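Summary of structural features
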4 protein chains.
Amino acid sequence: WFSSPTRVGFTGMEEILTRVVAPLPTYETREKSPPPPESNSLDFMHFYKSLEKEDKHRFLSKLSQDFGVDHKGASELAVKLLDTQLRDLATILQVEDRLRYSLTPRYKQLLNHISRVEGGVKFLVDLRADVLEIIASKSNETPHIKDLNGTLKSLLSEWFSVGLLRLERITWHSSCEILQKISQYEAVHPIRNWTDLKRRVGPYRRCYAFTHAAMPGEPLVVLHVALTEDISDNIQSIVREFATLDVEEDVNKVNAAVFYSISSTQAGLQGVELGNYLIKRVVRELQSEFPHMARFSSLSPIPGFSSWLQALLSQCRKEGRGSDLLSEQEWKEVEKATDSTSATQTLDALRRLITSSEWLRSEKLSSVLEPLLMRLCAWYLYGEKRRGYALNPVANFHLQNGASMWRLNWLADTSPRGIANSCGLMVNYRYFLNDTSKNSSLYLQNKVVVASEQILGLVSQFQKTSKL
Amino acid sequence: WFSSPTRVGFTGMEEILTRVVAPLPTYETREKSPPPPESNSLDFMHFYKSLEKEDKHRFLSKLSQDFGVDHKGASELAVKLLDTQLRDLATILQVEDRLRYSLTPRYKQLLNHISRVEGGVKFLVDLRADVLEIIASKSNETPHIKDLNGTLKSLLSEWFSVGLLRLERITWHSSCEILQKISQYEAVHPIRNWTDLKRRVGPYRRCYAFTHAAMPGEPLVVLHVALTEDISDNIQSIVREFATLDVEEDVNKVNAAVFYSISSTQAGLQGVELGNYLIKRVVRELQSEFPHMARFSSLSPIPGFSSWLQALLSQCRKEGRGSDLLSEQEWKEVEKATDSTSATQTLDALRRLITSSEWLRSEKLSSVLEPLLMRLCAWYLYGEKRRGYALNPVANFHLQNGASMWRLNWLADTSPRGIANSCGLMVNYRYFLNDTSKNSSLYLQNKVVVASEQILGLVSQFQKTSKL
Amino acid sequence: WFSSPTRVGFTGMEEILTRVVAPLPTYETREKSPPPPESNSLDFMHFYKSLEKEDKHRFLSKLSQDFGVDHKGASELAVKLLDTQLRDLATILQVEDRLRYSLTPRYKQLLNHISRVEGGVKFLVDLRADVLEIIASKSNETPHIKDLNGTLKSLLSEWFSVGLLRLERITWHSSCEILQKISQYEAVHPIRNWTDLKRRVGPYRRCYAFTHAAMPGEPLVVLHVALTEDISDNIQSIVREFATLDVEEDVNKVNAAVFYSISSTQAGLQGVELGNYLIKRVVRELQSEFPHMARFSSLSPIPGFSSWLQALLSQCRKEGRGSDLLSEQEWKEVEKATDSTSATQTLDALRRLITSSEWLRSEKLSSVLEPLLMRLCAWYLYGEKRRGYALNPVANFHLQNGASMWRLNWLADTSPRGIANSCGLMVNYRYFLNDTSKNSSLYLQNKVVVASEQILGLVSQFQKTSKL
Amino acid sequence: WFSSPTRVGFTGMEEILTRVVAPLPTYETREKSPPPPESNSLDFMHFYKSLEKEDKHRFLSKLSQDFGVDHKGASELAVKLLDTQLRDLATILQVEDRLRYSLTPRYKQLLNHISRVEGGVKFLVDLRADVLEIIASKSNETPHIKDLNGTLKSLLSEWFSVGLLRLERITWHSSCEILQKISQYEAVHPIRNWTDLKRRVGPYRRCYAFTHAAMPGEPLVVLHVALTEDISDNIQSIVREFATLDVEEDVNKVNAAVFYSISSTQAGLQGVELGNYLIKRVVRELQSEFPHMARFSSLSPIPGFSSWLQALLSQCRKEGRGSDLLSEQEWKEVEKATDSTSATQTLDALRRLITSSEWLRSEKLSSVLEPLLMRLCAWYLYGEKRRGYALNPVANFHLQNGASMWRLNWLADTSPRGIANSCGLMVNYRYFLNDTSKNSSLYLQNKVVVASEQILGLVSQFQKTSKL
């Protein structure tokens, strides 16, 4: 084992990289190179793990800059490719293959070897998480790091190809090891205790995860499903319902599958499509268990809605256009309900109400705000875009998968967190199985969002009311 | 499902390929392309399976020719790469990435998608076996097929990377499904019946296989090991020994591990290194079970030795140089033992003896032939080369892995098959664990064969005697 | 370990029994006796296994005679019980309990202790098989052995109580260990090779076994089921059908479950009801897999029918009453078909035909014999009794379970064995689930056989024709 | 299903018992009685479960009184047995067997049938728990209930015979279902949270349980073991030690196995020896994992010591003999430390200190009390008896198993619970494997307690000091 360094100068990094990242064999001998000793991979892993965060960044920069593609070799082969354009196809194909080979970063081999040692794949997943962090933090000075990221992503995509994933149903009979992780990873609707956890994997619930042979005991993406009579319009009836905790499931009461939580657990697998495949695989699983099941839908949170709304109100206040958001009637009601006497006051009161979640405690305020919040939220989900795609990341995820924006639900998540994040609203993205493929293309290629009448109605109300 | 065609014209192939092999998305939209419907992959698989062999070949030719790399696009990017040579690195890296992308054959995506459906990976393994067959049969007219082969091999190498393989120990408690396959696949020392099979997985034996999550129940490469007191010098004491079939293993009698059979089961995984990794993994496994075990060796067949010998004798006869192979003393003894009166007669008699395995029945002949055959065989293994590497494929395999050529064994396989293929000789390739890495490099890079004194002695006798 | 004796005198037996079979503790201290060291049980087992068969018998006699109930103690407590008859119930209950305890054979404790060591339960099962063999061989001199048998049977009945058995479905994925045993134990329709075995556990077949925690890997009773459209009338279509060996089961083609083979594997569990419970458990299993399945039936062999028939014909010949069995018309046809000229000749010819199975080769003879053999066989099954219960053991088994005698089938088992044993006839015992409980009582308590119209019709024909 | 009754009169009970508890068949037909329909057992179970506690008691009384042994039949056979005393042994054996059969309570059959239905064995275990409760509550009026208890215990003893139990090692990979139960059942050193639980099954710890095929997922008796360098003298270093939670075990640091908690989970299995067998089985398991391990010991609580001590002090105060317990020197020190001026005051102060656990907070008091409490506790464990056996139930358990009383440990359990129950003292019962069998006999048969010099020394100090 490599002895644990505390602070590493460039020399130490240099030394290990030179020793461990073998030069790319020539094209001719590429199949005749024995794999390097496993200790190379282990040394690299051990060295890297021992580094402080900042040193990790320096180390990765060095690796990606000094051990990447041989640019000179690549450009020579580009010249050669142009020279052979008039030759026979066999020659062209051969030069193309050499060129392709010459575009391989030198470190790619090392990554490949690391994947073979125990714990190697997990190491690379975590390494990529670090790479992504660097890119996020200082995006404009990292062309080489981006190349490293691309190489890692393409390798991980192959290793985590769906054919290599295992669907596991998690139940109360699953190992504590995995259930504790399920509990930990649940970010959407936190799990509080044993009973809560037991509920999530008990009757009328399903919990599925993809796992991978190279990372045993580690759920990669987790999907929680509630089996219900109708598509649920609130989360309380799912995560706070313990009446059926010990019953036998009655198959006749199962008409709908509601995906109420999906969590990816590995930052390093960003961009490697897993969630989409998990949903589709689970749909097949459920269809084989419940042949007559026909309704599949998410019940999804709307993170960011409250912040967006606050920002909107601030802006309106600043620009003095507060009343633009509300109909005249609404404006009056809010004014009255908040004892405000000026537009500014009213807007301030509104913002305060939303920040403090106080409106929830007054039935009157609730009913005044309901149409307003529903309308604004529908617009937020449907109309707010980033590069043409839905700004809200959850919406973007389900729309990419081919779901349609189906129903916005009032008082759907009354937990403090739900109220704070999205004024208690939740949304169903519905999966009409015959349309998902078409919808997905429409969205990804033409940026079209398929939505239900309810949503479209709210959006059109918003457009009429707002003079924005 | 695609309805089963009986004989398919070019039109049918054209139609399905056009429909199913989607164009490569542009570089910009490559992450924004929804996966095609699974039915595409299923249609392709179904169509292909329904084809006759010859049509398969035409189909693969078509696929590889018409749906490969876009040469024009690639050459344009090559121009662009040359244009940017003086620009900043970020630009160069970006163009390199585009060029790399443009060198992706269009069909690669389809192969990726196929790997995701059930049975898809196995389909691609079998597809590659067909591709290899085409290449073997008409090697000079297949540049595109070779490209397809390269693409497949690189994908399969990723999916069958060692980190994704599962080591399974096969015992009598394993499923009949897998044990029947073990029995079927055993090509080296065929298994005759239940008892024989039980013996191979019973006490003082180990049977290991690599399996893969995407091909459940299918052993990919199988290694049989005998646990012995000394490194075995014959196969009879391993596969014909039933005395210890029902005993408890005595750990004190286990000093050596003899790898007496290794079989790869998937033609389509040719060139994807599995056997080497399996041996090394098993060594680790055995070391953890028997911490004091220090001797690891194969007991290997020598396929091709008899044919080589026959050819040699023919040639000598033709060239009238028969006696060159034997010492004077030997020549006399053979003459006498075969009642021959001329060199030609003697050589013919020798050939007949070897063809008929008759020498085995006479103790006299055996002892006359022993030094001769040992010497010739040592040379065959050590001295006969193809492009600088050992001609004998089993030798080449173990030498690549870093084993040394350790001991040639007389009367080591007295089965009819063993006598016919290699005059009953077998060889141990010994794995000195501290040297394998070094040996492997020496062999692969410098074509040096590491051998024991016994082998080198025999080789030097051969060189002295033969005036070839 | 006890050293292995070769021939043991009474002294050796005496010695070990005295040492190992502890005296029964007094009633008062019965809960305060520490278990003897495990080595006692191991010594006993080892000693017993080392004995020759004859010595085993002597040893068991000795054990049962000298280490049984303390008769004096028992009779003293019987006196005491009579003395307390007029006392209060608490006293009576206490004396009854003491009496019950005093009737415990001294060796019972040892048997209990043996059951606790590894392999102990299996040892006792085999021990009882020996005990049964002694009883069968010399029944009139073995009162103590019978007591030992009774004690063993009652212990085994507790340990092999149905609640402690595990139902295992055997498939091609089961371990080779268990499948080889399934193959070995199949006595009814022998299994010839791997494919044959694979067929018995493949599509449209089910193979179930009871196993027991204390005898891992050992199927105790095995039931083979065919899933068919209609209740099968011959065995060929089940064990010689390979067309569906690799298909997916079509649930719509499964209307009936045919139990075509049931085998008990442990002689020592005779009288411990397992087969009956296995059938009922499997019915439940099948009903849950195929909710609409309504037809359950055996397809059973008729061992002993040919022998019975031969004996009948011999007797008729001796008594000169041959023609009594056949109608006048039949007699003529047989005479003609066999070229016989006298009654004796005809009967001899008939016997020869049956012994040699020659009739099968002639369509004419077959059609002449069919009504005759059907009639006689129906009588054999329905009318021939032993102590009031069906003479045929297979019939007795299914009738005890509550099945009805449902259909006799012509040319139902055309294997040499089937023809030889039962002239190719087989019978269905049908399980009407609502009636089994009632039928079972009727049969066991009132000796009534429930049979179908077909059977009853044949029986009545027999009674009319025969003047026996 | 029997419809759920709310309050049941005697008539309802009468009705169901008469219907469900079949009469004992005659001796002659005992093997020819079909089992009653399963619904009988289910009806009984359902009916019983629906009863209120008090009705359960009445119901069990009725069952045991009206459906027990046929006293008349038994006494008739007792007469018969006496009549046959002069006849041949075969006759005597036969009458004994009949008598034995006649002593079978009628309800025994029903219990047997219940054991066969799903959940039946667990039902009977719970039923016996109820029976034991009745006996405990009103012991002098329950002769029949005691008979029922005897019958149940003997059946359960057969079903839970060690040969039928499965040893399971519980780890973090075990199912949450079983780990939650382990957590729940841990009565000795309560488990507080996930980390605490993970610690108990992590490195340097072992957790074993016996489970039974008829009660899947239910640990019957649980043993917690710490693997240590030396036999632990306090519990804190075991249950509060988290430093090694994520390390690899170093086999060289494992010299001793400390059983620090053993819990039986089923009240209904009282008197069915499980704990003793579990300890012995685990010892074998550990010896095979750590061949050189030689030290096995419990680290046991001393429940009841504080109460006993309080009672003793009260009595001394009442009898004015307080100083008898302490040496003169001690008495002075306590007086001084507690500022007492009279014997009564001193004793009161002492009692208060112990009740309030206040002494722990003063180093001075601790050191004053240490010799006193050690001495008294040694006596409590060694000298206080009930019917000749150790009064302390934990001591009695380990002494029965053949352990010796090895070491009393000061400040061994400083949890509030440990201080309150036993003034923080714990004791090691050590298992010297060669002596357990002998020790067990000595204790059970001769009531001899084997103890170490430390214990005997403390006891003799006690005897010298106390003038009791």
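A quick note: this is a predicted structure, and the numbers were derived from the prediction, not measured. (Residues numbered from 1 in each chain as written. Chains lettered and ligands numbered in written order. Predicted model: local features only at pLDDT ≥ 70, side-chain atom pairs only at ≥ 80, totals over all residues. Heavy atoms only, no water.)

1. Things to note about the overall build of chain A
To be explicit about the condition: Going along the chain from the N terminus, every DSSP run of H or I of four or more residues is numbered as a helix, and every run of E of two or more is numbered as a strand. Only protein chains enter the accessibility calculation, which uses a 1.4 Å probe. A residue is then buried if its area is under 20% of the maximum for its type, exposed if over 50%, and partly exposed in between. Contacts between residues were defined by any pair of non-hydrogen atoms, one from each residue, lying within 4.5 Å.
Secondary structure assignment for chain A yields 20 helices and nine strands. On the principal axes, the C-alpha backbone points of chain A span a range of 80 × 60 × 55 Å. Counting every position in chain A, which comprises 468 residues, the buried fraction comes to 56%. Sequence-distant contacts in chain A: of pairs separated by 6 or more residues, those separated by 24 or more amount to 77%.

2. A look at the interface of chain A and chain D
Heads up, the rule is: Buried area adds together the accessible area that both of two parts lose upon being put together, with accessible area traced by a 1.4 Å probe. One side-chain nitrogen of Lys or Arg within 4 Å of one carboxyl oxygen of Asp or Glu is enough to make a salt bridge. Gly falls in the polar group here, along with every residue not listed as nonpolar (Ala, Val, Leu, Ile, Met, Phe, Trp, Tyr, Cys, Pro) or charged (Asp, Glu, Lys, Arg).
Between chain A and chain D, the residue contacts involve eleven residues of the former and eleven residues of the latter. Regarding the contact of chain A and chain D, the summed buried area is about 1200 Å², with carbon and sulfur atoms giving 67% of it. Across the chain A-chain D interface, the total number found is zero salt bridges. For the side of chain A that touches chain D, the secondary structure elements donating two or more residues are helix H9 (176-185) and helix H10 (194-200) of chain A. Top contributing element to the side of chain A that touches chain D by residue count: H9(A), with four residues. A class-by-class count of the residues in the side of chain A that touches chain D yields five nonpolar, four polar and two charged.

3. Observations regarding the environment of C:Glu168
Residue and element names in this part refer to chain C. Which entries qualify depends on this criterion: Counted as a polar contact is a pair of N or O atoms within 3.5 Å, where, for protein atoms, one must be capable of donating a hydrogen and the other of accepting one, and residues adjacent in sequence contribute only when both atoms are in side chains.
Its place among the elements puts Glu168 in strand E1 (residues 165-169). The exposure class assigned to Glu168 is partly exposed, which follows from its relative accessible area of 22%. Considering only alpha carbons, one finds Glu168 and Ala209, 41 residues apart in sequence, at a separation of 5.3 Å. A polar atom in the side chain of Glu168 sits 3.0 Å from the side chain of Thr211.

4. Re the domain arrangement of chain A
Residues and elements named next belong to chain A. Rule in force here: Each domain span listed reflects an automatic or database assignment of domains.
As far as domains go, chain A holds domain 1 (10-69 + 104-159), domain 2 (163-298) and domain 3 (305-465). A straight line from the C-alpha centre of domain 2 to that of domain 3 covers 28 Å. Residue-level contacts link 24 residues of domain 2 with 18 residues of domain 3. Together domain 2 and domain 3 conceal approximately 1600 Å² of surface at their shared face, both sides included; 52% is due to carbon and sulfur atoms. Applying the counting rule to domain 2 against domain 3 returns zero salt bridges. If you list the elements that add at least two residues to the side of domain 2 that touches domain 3, you get strand E4 (256-264), helix H12 (275-289) and strand E5 (295-298). Of the residues forming the side of domain 2 that touches domain 3, the biggest block, six residues, is contributed by H12.

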